[in-house]
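# Observations on the three-dimensional arrangement
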Amino acid sequence: MDFYQVLWFILIAVLWTGYFVLEGFDMGVGILLPFIAKDDKSRRMVINTIGPHWDGNEVWLITAGGATFAAFPNWYATLFSGFYLPLLLILLALIVRGVAFEFRSRDENPLWRSFWDWAIFVGSAIPALLWGVAFANFLRGVPIDANMQYVGGFFNLLNPYAILGGVASFGIFTLLGALFLSMKTVDPIEGKAKNVFRGLWVTMVAVLAVFVAASALFTDGNGSLGWLALILAVLGGITLLTAGVLAARGRFGWGFILTSVTVLLVTIAAFARLFPRVLVSNIDPGYSLTIMNSASGPNTLHTMTIVAAVMVPIVLAYQVWSYYLLRKRVTGKPESLHY
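Let me begin by describing the structure that accompanies this report. (Residues numbered from 1 in each chain as written. Predicted model: local features only at pLDDT ≥ 70, side-chain atom pairs only at ≥ 80, totals over all residues. Heavy atoms only, no water.)

### Some words on the side chain of glutamate 58
- Residue placement: glutamate 58 occurs in helix H3 (residues 54-71).
- Beyond its immediate chain neighbours, meaning those up to four positions away, glutamate 58 contacts Tyr19, Glu23, Leu94 and Arg97. (Helix = DSSP H or I, 4+ residues; strand = E, 2+ residues; numbered from the N terminus. Contact = heavy atoms within 4.5 Å.)

Right, dumping it as structure tokens:
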């Protein structure tokens with residue numbers, strides 16, 4: 001293994017982790033939108049909690065995809081050919097959601113606004129589910145032959161373990177959305193969001209526990225950091241359990257932080273279980289894609305490292321600054337409703 005290969009595996013893991021933590025809560029808000037807010041003003045309040053942030057959060061996804069293409073072109077090629085249909089569905093859902101945010105308030109017709117509200121729901125729910133399905137398949141393994149070609153079909157990806165992963169990601173992102181709304185809105189939305197978290201939390205602790213157990217039993221643990229993955233996944237379950245305990249005591253801010261930590265730990269655990277592989281072959285372990293056989297040349301990785309060292313701190317500083325500026329609650333007053 002080359003230093004730059006390991007470095008870029010870590011950096012791509014960081015990008016995906018940032019995406020799931022930040023985009024996780026705004027997907028959760030989109031999932032809850034039609035159910036937690038029944039009138040137009042309430043729905044505008046909900047949308048305005050994430051309106052200034054959702055497109056910035058998606059930059060993490062774009063950067064993760066671009067970094068994969070440049071650093072590990074064979075990984076990118078196999079992934080985007082084998083997972084073409086689910087990734088296309090995710091892309092279309094994200095496009096629909098982005099359009100919905102911009103178009104919703106262009107007309108005051110209730111049917112128009114209701115249509116785009118449901119578009120936000122669909123555009124949030126599909127990625128929340130399918131990202132879990134995709135990453136579960138990365139861990140379980142997919143049919144990859146000796147030529148690094150995916151030789152399965154769409155329904156190979158819809159196995160019970162992958163569906164369980166999709167349910168886990170969907171539920172945890174919904175929890176994050178509920179906690180974010182509890183911090184960013186006022187009653188009655190705040191109270192409803194807290195009730196959603198209380199009602200869903202125990203179920204998601206159980207789902208995550210089952211998923212971690214299934215991962216230990218049914219996925220290929222031949223990665224060199226399998227032991228670390230298990231520790232991180234268990235810690236993720238503990239932080240989610242603790243988040244619910246603190247939320248029950250009214251400390252929903254800490255609940256949000258710890259649930260975000262759960263997403264962070266579980267995502268890092270997934271990459272740790274893979275390392276040094278990037279896609280596992282369930283035909284023959286020797287056909288798996290690794291950071292060695294799918295990486296770009298050292299000059300490319302060296303140049304990318306210099307660019308990342310300059311640009312990543314700028315992006316991080318901008319996002320921290322934007323969240324700081326928009327830290328206040330959305331109260332429903334006209335000056336706070338821009339969407």
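### Some remarks on empty space enclosed by the protein
- A full pass over the atoms with the stated rule returns two cavities of 30 Å³ or more.
- If you add up the space inside the largest cavity, you get close to 440 Å³.
- The set of elements that each furnish at least two residues to the lining of the largest cavity consists of helix H6 (110-140), helix H7 (160-184), helix H8 (189-218), helix H9 (226-248) and helix H10 (252-274).
- The element contributing the most residues to the lining of the largest cavity is H10, with seven residues.
- Of the residues belonging to the lining of the largest cavity, the class tally is 19 nonpolar, six polar and one charged.
- By volume, the second largest cavity is sized at about 50 Å³.
- Lining the second largest cavity we find Phe83, Pro86, Leu130, Val133, Ala134, Asn137, Phe154, Leu157 and Leu158.
- Of the residues forming the lining of the second largest cavity, the biggest block, four residues, is contributed by H6.
- Residue classes in the lining of the second largest cavity are distributed as eight nonpolar, one polar and no charged. (1 Å grid on protein atoms, 1.4 Å probe; cavity = no way out; pocket = protein on both sides within 12 Å on 5 of 7 lines; lining within 4 Å. Points joined across faces, edges and corners; volume = space filled by probe spheres on them. Nonpolar A, V, L, I, M, F, W, Y, C, P; charged D, E, K, R; others polar.)

### Here we look at the pattern of salt bridges
- Summed over all chains, the structure comprises nine salt bridges.
- Here glutamate 23 makes a salt bridge to arginine 97, at a shortest N to O gap of 2.4 Å. Remark: arginine 97 occurs in helix H5 (residues 84-103) and glutamate 23 occurs in helix H1 (residues 3-36); sequence separation between them is 74 residues.
- By relative accessible area, which is 0% here, glutamate 23 ends up buried.
- We classify arginine 97 as buried; its relative accessible area is 0%.
- Between arginine 104 and aspartate 40 there is a salt bridge, with its nearest N and O atoms 2.8 Å apart. (Salt bridge = Lys/Arg side-chain N within 4 Å of Asp/Glu carboxyl O. Buried < 20%, exposed > 50% of the residue type's maximum accessible area, 1.4 Å probe, protein only.)

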